[in-house]
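Read off the chains here:
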Amino acid sequence: MPELPEVETSRRGIAPHLENQRISGVVIRQPKLRWEIPQLQRILPGLKITSVQRRAKYLLIACSEGNHHKGTLIMHLGMSGSLRVVPSDTPPLKHDHFDLQLGRQCLRLRDPRRFGAILWTETSAQQHPLIASLGPEPLSDEFNAAYLLAQAKRRKVPIKQLLMDGKVVVGVGNIYATESLFLSGIHPSRACNRIAKGRLERLVENVKITLAYAIERGGTTLRDFQQQDGKPGYFQQELLVYGREGEACKACGTIIRAKQIGQRTSSYCPACQR
Ligand SMILES: [Zn+2]
């Protein structure tokens, strides 16, 4: 599933090809993804793309008409979506459901499982119902120790569940929550209201480091967005605890364990994490 680093990598890969380009056409081969794709063929041709931004795992493609902001195309990659920029005459493959044509190039969405989304809004994208109630971005200054402490004090859920709650902070998926907790020496099922401020401070730092590092690594595959087989970059060989249950902890040699927390598998080192 594309996580925040993959979406940010996609954004950085496609933005230079989209910004300041005029939309020449729209091809919808499969109208039903997670929701019905709106009739964009009637709306988008002729509009100019002014920016490609990201909020949580949504890509926000702002479009203008003349000097006026016209609306924003909101895209979500769902469970299996990927984007690439290809020459417009590239024959579509089986799961290539949507093209945004920009003259000789097009932005193509492939989404085998069809949990992705393409929406259009003519009011502020930040006010869109899917986006308005989201927590702060993990790499923003708004996500800091004082903020997390205030959130944690009011609740008793396991810290891992708090970290993965998009209303608290967006984009901290299972991999990144698991790795950040290990780096911070915090047991994933520890009640969030019983963690000292200093430890939460370290946790916030490690969430930022883990995500920033993943984005940086994703950056090495940017050239793939020009290719049919473009795949976002993971860094699986470098994971410390995620998916390593039964193996030795890289810090102390203790066998990594796993338990279910909030319906998600959480691996941890019983010696390093308390
Ligand atoms: Zn350990």
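Residues numbered from 1 in each chain as written. Predicted model: local features only at pLDDT ≥ 70, side-chain atom pairs only at ≥ 80, totals over all residues. Heavy atoms only, no water.

Looking only at helices and strands, one finds six helices and 10 strands in the chain. Relative to its length of 274 residues, the chain is compact, with a C-alpha radius of gyration of 20 Å against a globular reference of 19 Å. Projected onto the principal axes, the alpha-carbon positions of the chain cover approximately 60 × 35 × 30 Å. Taken across its 274 residues, the chain has 50% of its residues classed as buried. Look at the contacts in the chain between residues 6 or more apart in sequence, and 64% of them connect residues 24 or more apart. Carbon and sulfur atoms provide 49% of the accessible area of the chain, an area that totals close to 12,900 Å². The positive charge centre, built from 40 side chains, and the negative charge centre, built from 24, are 6 Å apart in the chain. (Helix = DSSP H or I, 4+ residues; strand = E, 2+ residues; numbered from the N terminus. Rg over C-alpha atoms; globule rule 2.2 N^0.38 Å. Buried < 20%, exposed > 50% of the residue type's maximum accessible area, 1.4 Å probe, protein only. Contact = heavy atoms within 4.5 Å. Areas by Shrake-Rupley, 256 points an atom, 1.4 Å probe, with all protein chains shown as cover. Lys, Arg positive; Asp, Glu negative; His and termini not counted. Charge placed at Lys NZ, Arg CZ, Asp CG, Glu CD.)

This part takes up the coordination of the zinc ion. Around the zinc ion, the protein contributes the donor atoms Cys249 (SG), Cys252 (SG), Cys269 (SG) and Cys272 (SG), which lie 2.2 to 2.4 Å from the metal centre. Coordination at the zinc ion is tetrahedral: its four donor atoms span angles of 103 to 113° at the metal. Within one chain, the residues serving as donors to the zinc ion are arranged as C-x2-C-x16-C-x2-C. Here the residue Cys249 occupies a position in the loop between α6 (197-218) and β9 (257-261), and Cys269 occupies one in the segment after β10 (264-268), the gap between them amounting to 20 residues. As far as burial versus exposure is concerned, Cys249 and Cys269 are alike and both buried. (Donors = N, O, S within 2.8 Å, 3.2 Å for Na, K, Ca; no water. Tetrahedral: all angles 85-135°; square planar, octahedral: opposite > 155°, others 65-115°.)

Attention now goes to the nonpolar core. Counting residues in hydrophobic clusters, the biggest one holds 28 residues, and the most contacted among them are Leu44 and Met75. Only α1 (4-18), β2 (48-55), β3 (58-65), β4 (68-76), β5 (82-87), β6 (96-102), β7 (105-110) and β8 (117-121) provide two or more residues apiece to this core. It is α1 that contributes the most residues to this core, four residues altogether. With residues up to four places along the chain from it excluded, the contact list for Met75 reads Lys57, Tyr58, Leu59, Ile61, Leu83, Phe98, Leu107, Leu109, Ala117 and Ile118. Membership of the second largest hydrophobic core comes to 23 residues, among which are Phe143, Ile186, Cys192 and Leu239. (Core = buried A, V, L, I, M, F, W, Y, C linked by side-chain atoms within 4.5 Å.)

The strand order β2-β3-β4-β8 describes an open sheet built from four strands, whose pairing is antiparallel. In this open sheet, the two strands that pair with only one neighbour each are β2 and β8. Adjacent strand axes in the sheet meet at a mean angle of 20° when their direction is disregarded. One ladder, built from eight bridges, connects β3 with β4; its direction is antiparallel. Residue pairing across strands places Ser64 opposite His69, the latter belonging to β4. (Pairing = 2+ DSSP bridges. Axes fitted to C-alpha atoms, helices over the stretch in contact; angles between N-to-C directions.)

On to α1. Over its 15 residues, α1 extends 20 Å from the first C-alpha to the last, a length consistent with the 21 Å expected when each residue adds 1.5 Å. Among the 15 residues of α1, 13 are classified as buried, and the element is accordingly described as predominantly covered. Where α1 ends, the next residue or the one after it, Asn20, has phi of about 70°, a positive value. (Expected span 1.5 Å × (residues − 1).)

All right, on to the environment of Arg34 then. Inspection of the secondary structure puts Arg34 in the loop between β1 (25-28) and β2. Relative accessible area serves as the criterion here: at 48%, Arg34 is assigned to the partly exposed category. Sequence separation between Arg34 and Gly116 is 82 residues, and the spatial gap between their C-alpha atoms is 5.6 Å. Arg34 has contacts with Arg114, Phe115 and Gly116, leaving out every residue within four places of it along the chain.

This part is about the sheet that holds β1. What links the strands of a sheet is backbone hydrogen bonding, and the strands pair in either a parallel or an antiparallel sense. Reading across from one edge, β1-β6-β7-β5 is the order of the four strands in this open sheet, with antiparallel pairing throughout. Each end of this open sheet is capped by a strand with a single partner; those strands are β1 and β5. For this sheet the average axis-to-axis angle between neighbouring strands, irrespective of direction, equals 20°. Taken together, the four bridges between β1 and β6 define a ladder with antiparallel strand orientation. Bridge assignment links Val27 to a residue of β6, and that residue is Asp99.

Turning to its location among the elements, His76 is positioned in strand β4. Under the relative-accessibility criterion, His76 is labelled buried at 17%. One polar contact links the side chain of His76 to the main-chain amide nitrogen of Gly78, over a distance of 2.9 Å. Beyond its immediate chain neighbours, meaning those up to four positions away, His76 contacts Lys57, Tyr58, Gly116 and Ala117. (Polar contact = N/O pair within 3.5 Å; in protein donor to acceptor, adjacent residues only side chain to side chain.)

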